Structures are given as C-alpha cells and as structure tokens.
Amino acid sequence: PLVERRGLEISSITEADDAVFNNARKITAVTCPLLVMHGEADDLIFPGEAEQNYRQAGSAKKVLEILAGVGHNDILTAPGNAYFDCLRRFLRDTAGIV
C-alpha cells in the first residue's frame, strides 16, 4: 500500500518480494509480547495498517496504542508524554520493568 500511495503501480509480486515486504504476513510469526504504537495523523503508514498488523500478530500478549496529535516522524513528541507513558506501561506490564 505504501508504494502504491506514492504513485507506483505494482502489477505483480513474486513470492520472494511478498516474503520481504508483506508485514501483515510476517507479523503472524511474532509470538513475543508486542507493542504497536502509531500516530493517528500518520500519512505515510496509515493507522489502519498498524491496526491490521496488530490484529494479525501471533502474540498472545499484545497492545495497540494509536497516539493522538502525532504523525510518522514526530511520535516521540506525542502530547502529554504519551509515547513514553505507553512504553513504560508496556514494560511494566510485560516484564515488571518500571
């Protein structure tokens, strides 16, 4: 989807290409605890793509956080320290790290 949004038409994809570039497929193999953080205003990788990866992840313990007010390159500056609060919560809840 990212490549197509940039104006490149992809008429066919080889199995090798799909194995490298299909994140939604690859994430099914992820079984460790998973945190997916994404900016709600991200216009490079759409939030729906993060939601799809979250849904398809093979992890039993997974968290999805869509952060308000930020896009793709400014997620660290999410209002209210949201990025670091999410990270702290995830580490505390999955590994006991505060």
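My aim in this report is to walk through the structure given alongside it, one point at a time. Every value quoted in this text rests on a predicted model; they were computed, and no experiment measured them. Think of each chain on its own: its residues are numbered from 1, step by step along the sequence as written. Side-chain atom pairs in this predicted model are given and counted only at pLDDT of 80 or more, local residue features only at pLDDT of at least 70, and totals for whole chains, interfaces and linings cover all residues. Water and hydrogen atoms were dropped before computing side-chain values, which therefore reflect all heavy atoms in the structure.

## Some points on the overall build of the protein chain
Piece 1. A tally of helices and strands in the protein chain yields five helices and two strands.
Piece 2. Put simply, DSSP marks the helices as runs of H or I at least four residues long and the strands as runs of E at least two long, and each gets a number from the N terminus on. Reading the helices (α) and strands (β) of the protein chain from amino to carboxyl end gives α-α-α-β-α-β-α.
Piece 3. A separation of at least 24 residues holds for 65% of the contacts in the protein chain among residues at least 6 apart in sequence.
Piece 4. Residue exposure ignores everything except the shown protein chains as possible cover, and the areas themselves are Shrake-Rupley values with a 1.4 Å probe. Carbon and sulfur atoms make up 56% of the accessible area of the protein chain, which amounts to about 6,500 Å² in all.
Piece 5. The positive count covers Lys and Arg only, the negative count covers Asp and Glu only, and His and the chain ends enter neither. We put the charge of a Lys on NZ, of an Arg on CZ, of an Asp on CG and of a Glu on CD. Charged side chains of the protein chain number 10 positive and 14 negative; the gap between the two group centres comes to 8 Å. The contact criterion used is simple: two residues touch if any of their non-hydrogen atoms lie within 4.5 Å.

## What about the pairing of strand 2 (residues 62–67)?
Piece 1. Strands were regarded as paired on the criterion that DSSP finds at least two bridges between them. Relative to strand 2, strand 1 (residues 34–39) runs parallel, the two sharing six bridges. Note on strand 2: the bridge partner recorded for His 38 is Ile 66.
Piece 2. Of the crossover connections in this fold, the one passing from strand 1 over helix 4 (residues 47–56) to the parallel strand 2 is right-handed. Whether a crossover is right-handed depends on one test, that the path from the first strand over the helix to the second runs clockwise when the strands point away from the viewer.

## Examining the side chain of Asn 53
Piece 1. In this fold, Asn 53 is placed in helix 4.
Piece 2. Those residues within four positions of Asn 53 in sequence are excluded, and the remaining contacts are Asn 23, Ala 24 and Ile 27.

## Let's talk about helix 5 (residues 82–95)
Piece 1. A helix is expected to span 1.5 Å for every residue after the first. When the terminal C-alpha atoms of helix 5 are compared, their 19 Å separation across 14 residues agrees well with the 20 Å that a helix rising 1.5 Å per residue should span.
Piece 2. Listing the buried residues of helix 5 in full gives Tyr 83, Cys 86 and Phe 90. Viewed end-on, helix 5 has its buried residues packed into an arc of 70°, placing them on one side of the element.
Piece 3. Here the buried face of helix 5 lies against strand 1 and strand 2.
Piece 4. One or two positions beyond helix 5, positive phi appears at Gly 96, with a value near 70°. Categorising residues by exposure relies on relative accessible area from a 1.4 Å probe, with only protein chains included: less than 20% of the type maximum marks a residue as buried, more than 50% marks it as exposed, and the intermediate range marks it as partly exposed. Working note: the arc is built from the helix axis to C-beta atom directions.

## With respect to the pattern of salt bridges
Piece 1. A pair is scored as a salt bridge if a Lys or Arg side-chain nitrogen falls within 4 Å of a carboxyl oxygen belonging to Asp or Glu. This model, assessed by the stated rule, comprises five salt bridges.
Piece 2. Glu 15 is the partner of Arg 25 in a salt bridge, and the nearest nitrogen-oxygen pair spans 3.0 Å. Within this pair, whereas Arg 25 is found in helix 3 (residues 23–26), its partner Glu 15 is found in helix 2 (residues 15–21), the two being separated by 10 residues in sequence.
Piece 3. Here Glu 15 falls in the exposed class, since its relative accessible area comes to 56%.
Piece 4. Between Asp 85 and Arg 88 there is a salt bridge, and its shortest N-O distance comes to 2.9 Å. Here Asp 85 and its partner Arg 88 are both found in helix 5, three residues apart, which amounts to about one turn of the helix.
Piece 5. Taken together, the salt bridges that share partners define one network made up of Glu 15, Asp 18 and Arg 25.

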